[in-house]
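# Understanding the architecture of this molecule
Here is how the chains run, residue by residue.
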Amino acid sequence: MIHDVIVIGGGVAGFSAATALAEAGARVLVLEARPGLGGRATAFTDPETGERVDNGQHILMGCYIETLALLARIGTSDRVRWQAGLALTMIDGRGHESVLKLPPMASPLHLLAGVLAWDALSWRERLSILRVGAALGGGAPHRPAAGSSRAADAGVSGETVRAWLTRHGQAPRLCELFWEPLALAALNQSIDQAAASYFVTVLAQMFGPDPSAASLVMPAVPLDELYAEPARRWLQDRGHQVRVNAPAKVEVVDERVTGVRVRGEHIAAPVVISTVPWHALGGLFDPAPAALAATIADASALGSLPIVTVNLWFDRPVMHEALIGLPARAFQWVFDRRAIVGGASSHLSLISSGAESIVSMTNDELIATALADVRAALPAARAAVLRKGLAVREKRSTFSLAPDAPRRPQAETAIAGFLLAGDWIDTGLPATIESAAVSGHRAATLVVD
Ligand SMILES: Cc1cc2nc3c(=O)[nH]c(=O)nc-3n(C[C@H](O)[C@H](O)[C@H](O)COP(=O)(O)OP(=O)(O)OC[C@H]3O[C@@H](n4cnc5c(N)ncnc54)[C@H](O)[C@@H]3O)c2cc1C
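As the structure is a computational prediction, the values presented were derived from the model and not from experiment.

About the thresholds
Residues numbered from 1 in each chain as written. Predicted model: local features only at pLDDT ≥ 70, side-chain atom pairs only at ≥ 80, totals over all residues. Heavy atoms only, no water. Helix = DSSP H or I, 4+ residues; strand = E, 2+ residues; numbered from the N terminus. Rg over C-alpha atoms; globule rule 2.2 N^0.38 Å. Buried < 20%, exposed > 50% of the residue type's maximum accessible area, 1.4 Å probe, protein only. Contact = heavy atoms within 4.5 Å. Areas by Shrake-Rupley, 256 points an atom, 1.4 Å probe, with all protein chains shown as cover. Lys, Arg positive; Asp, Glu negative; His and termini not counted. Charge placed at Lys NZ, Arg CZ, Asp CG, Glu CD. Pairing = 2+ DSSP bridges. Axes fitted to C-alpha atoms, helices over the stretch in contact; angles between N-to-C directions. Domains from an automatic or database assignment. Salt bridge = Lys/Arg side-chain N within 4 Å of Asp/Glu carboxyl O. Polar contact = N/O pair within 3.5 Å; in protein donor to acceptor, adjacent residues only side chain to side chain. Nonpolar A, V, L, I, M, F, W, Y, C, P; charged D, E, K, R; others polar. Near = heavy atom within 4 Å.

### Concerning the overall build of the protein
A count of helices and strands for the protein gives 15 helices and 20 strands. For 449 residues, the compact-globule estimate of 2.2 N^0.38 gives 22 Å, and the C-alpha radius of gyration of the protein, at 22 Å, lies within 12% of that figure. Judged by the C-alpha coordinates and their principal axes, the protein covers about 65 × 50 × 40 Å. Within the protein, buried positions represent 56% of all 449 residues. Contacts in the protein between residues far apart in sequence, at least 24 positions, make up 68% of those at least 6 positions apart. Put simply, the protein shows about 17,700 Å² of open surface, and 55% of that area lies on carbon and sulfur atoms. Positive and negative side-chain charges in the protein, numbering 39 and 43 respectively, have mean positions lying 3 Å apart.

So this is what it looks like as structure tokens:
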């Protein structure tokens, strides 16, 4: 079979590119090295219970335009639950519970009304948050491009999120209670390490003119049934191919791509799109073309950050909300899978973002830490019996967004016919599903235009 385009990688970026190309009339082959699809947003079968368990709870947002377009394309828009307006229950280190609720009003009135009603903060702190809102400004919906201009508008220049927040009058307690958990959720990196430009971009998208942009959109099925498996079926139904257990090497002759090699088999194609993560780019070539040496060196130098998830199954329900923020704890968010995905079992999923300090703990230590966090915050969990705990470590969940991190590459490369996609490409966004979807769509557009 003749392929117009080979897409390497069966994650969000790969399926965003492949489905957009297929829709535009190209014949596509997707190659995934692992036995299962989905990359960093996937699910596995728990060997003890047979239950499908996500590799980590993922949250989408109303501002994930390209991701939502992908779900619409493959027919899975009804597999997510939308929260009308942002509503977050937070339980602080002293056990005080509060709800930050942005009502469904026009922006920035929703931010104003929500923050002013949030009793976790003193009046002084509430008013100071509004200074950040003013720094972001209103205006048109923000579609970031390489070298995001919104960050430039907000006066961000190589500073960390904390430096930017401090410059905008945010007190340390406010940073601990509100900004740090928000930054960890959005960037997977502490406000002391991440560059302010990414945070400003995310905030501008969330709190832009469309109030639904800040809505949380939660997958209501195991992650691979949200997009990877449906995308595989969508492509195959239209005559395209998706192969797993297919680690690809890119073949280049005279600075032009000729196809790929998979376990000794040459597959020809005039265009190859790589969606492999930053740390895998160098491994695609044998040997690496000189024209890509700088791109590969930058990609290998990009730091990686872990996310640790602990799943806890209790003998009874212990929370009413779908998610609760636990600022200043090892696990910053707890999700009730029963409320999100349904089912009878009381299954909590606790997330530790930017989890460098706990990622080397043993499974038992991680489970004990998560259990202690839940029991400290949720009185109902103290009497409940823990039936089972399961820890999942994703050591290279996201890439570093530090101000001095190496440059992220563009989609086009110095090798003719070879394009880059993946969340780490220069989309102006942090390492998210949306960045991956944007990058895949961008590469597809470059091919068909
Ligand atoms: C635990 C966790 C929680 C997260 N939470 C969120 C969240 O709440 N919201 C959010 O927006 N984002 C979240 N993210 C980030 C999000 O999952 C990623 O940004 C996104 O999935 C990246 O997609 P991708 O297609 O760019 O890369 P990947 O998913 O890494 O896909 C790349 C694929 O390429 C394959 N590959 C590598 N080398 C080869 C080769 N030689 N040949 C063939 N295939 C190859 C890999 O096996 C992989 O399947 C989270 C990530 C993790 C790990």
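### Here's the deal with the sheet that holds strand E15 (residues 304-314)
Sheet architecture is open: 7 strands sit in the order E8-E7-E16-E17-E18-E15-E19, paired in mixed fashion. Each end of this open sheet is capped by a strand with a single partner; those strands are strand E8 (97-101) and strand E19 (386-399). For this sheet the average axis-to-axis angle between neighbouring strands, irrespective of direction, equals 25°. Strand direction decides the pairing type here: strand E17 (residues 333-336) and strand E18 (residues 346-353), joined by 4 bridges, are antiparallel. Residue pairing across strands places phenylalanine 335 opposite serine 349, the latter belonging to E18. Contacts from helix H13 (residues 363-377) reach strand E7 (87-91), E15, E17, E18 and E19 within the one sheet, and its direction differs from that of E15 by about 65°.

### Focus on unusual backbone geometry
Across the junction of aspartate 286 and proline 287, the peptide omega takes the value 5°, indicating a cis bond. On the secondary structure map, proline 287 appears in the loop between strand E14 (271-274) and helix H11 (293-301). In this model, glutamate 255 sits at a positive phi of 60°, which is unusual for a non-glycine residue. Along the chain, glutamate 255 turns up in the loop between strand E11 (248-253) and strand E12 (256-262). Among the residues examined, glutamate 255 registers a relative accessible area of 47% and is labelled partly exposed. Despite not being glycine, arginine 263 shows a phi value in the positive range, around 45°. Structurally, arginine 263 can be placed in the loop between E12 and strand E13 (265-268). Classification of arginine 263 as exposed rests on a relative accessible area of 62%.

### Some details on helix H2 (residues 65-74)
Counting buried positions over the 10 residues of H2 gives 7, a clear majority of the element. Looking only at H2, the buried set comprises Glu66, Thr67, Leu68, Leu70, Leu71, Arg73 and Ile74. Glycine 75 sits one or two residues past H2 and shows a positive phi near 80°.

### Concerning the domain arrangement of the protein
Often, the extent of an interface is quoted as the loss of accessible area upon association of its parts. Domain annotation of the protein identifies domain 1 (5-77 + 220-302 + 402-448), domain 2 (103-211) and domain 3 (304-399). The C-alpha centroid of domain 3 is placed 29 Å from the C-alpha centroid of domain 1. Counting residues at the interface gives 22 residues for domain 1 and 21 residues for domain 3. The tally of links from domain 1 across to domain 3 stands at 3 salt bridges. Linking lysine 388 and aspartate 46 is a salt bridge whose minimum nitrogen-to-oxygen distance equals 3.0 Å. At the boundary of domain 1 with domain 3, the tally comes to 9 residue pairs in polar contact (both at pLDDT 80 or more). Classifying every residue of the side of domain 1 that touches domain 3 by side-chain character gives 10 nonpolar, 5 polar and 7 charged.

### Concerning the site of the ligand
Every one of the 35 residues lining the ligand counts as a neighbour, but Glu32, Arg40, Ile59, Tyr64 and Asp423 are closest to it. One of the backbone N or O atoms of valine 12 is found 3.2 Å from an oxygen atom in the ligand. Here the ligand has 1,000 Å² of accessible area as a free molecule, and 92% of this is covered by the chains. Looking at the shell around the ligand, the elements with two or more residues in it are helix H1 (12-23), E19 and helix H15 (433-448). Here the shell around the ligand is built from residues that sort into 18 nonpolar, 12 polar and 5 charged. Counting only domains with at least three residues in the shell around the ligand, you end up with domain 1 (5-77 + 220-302 + 402-448) and domain 3 (304-399).

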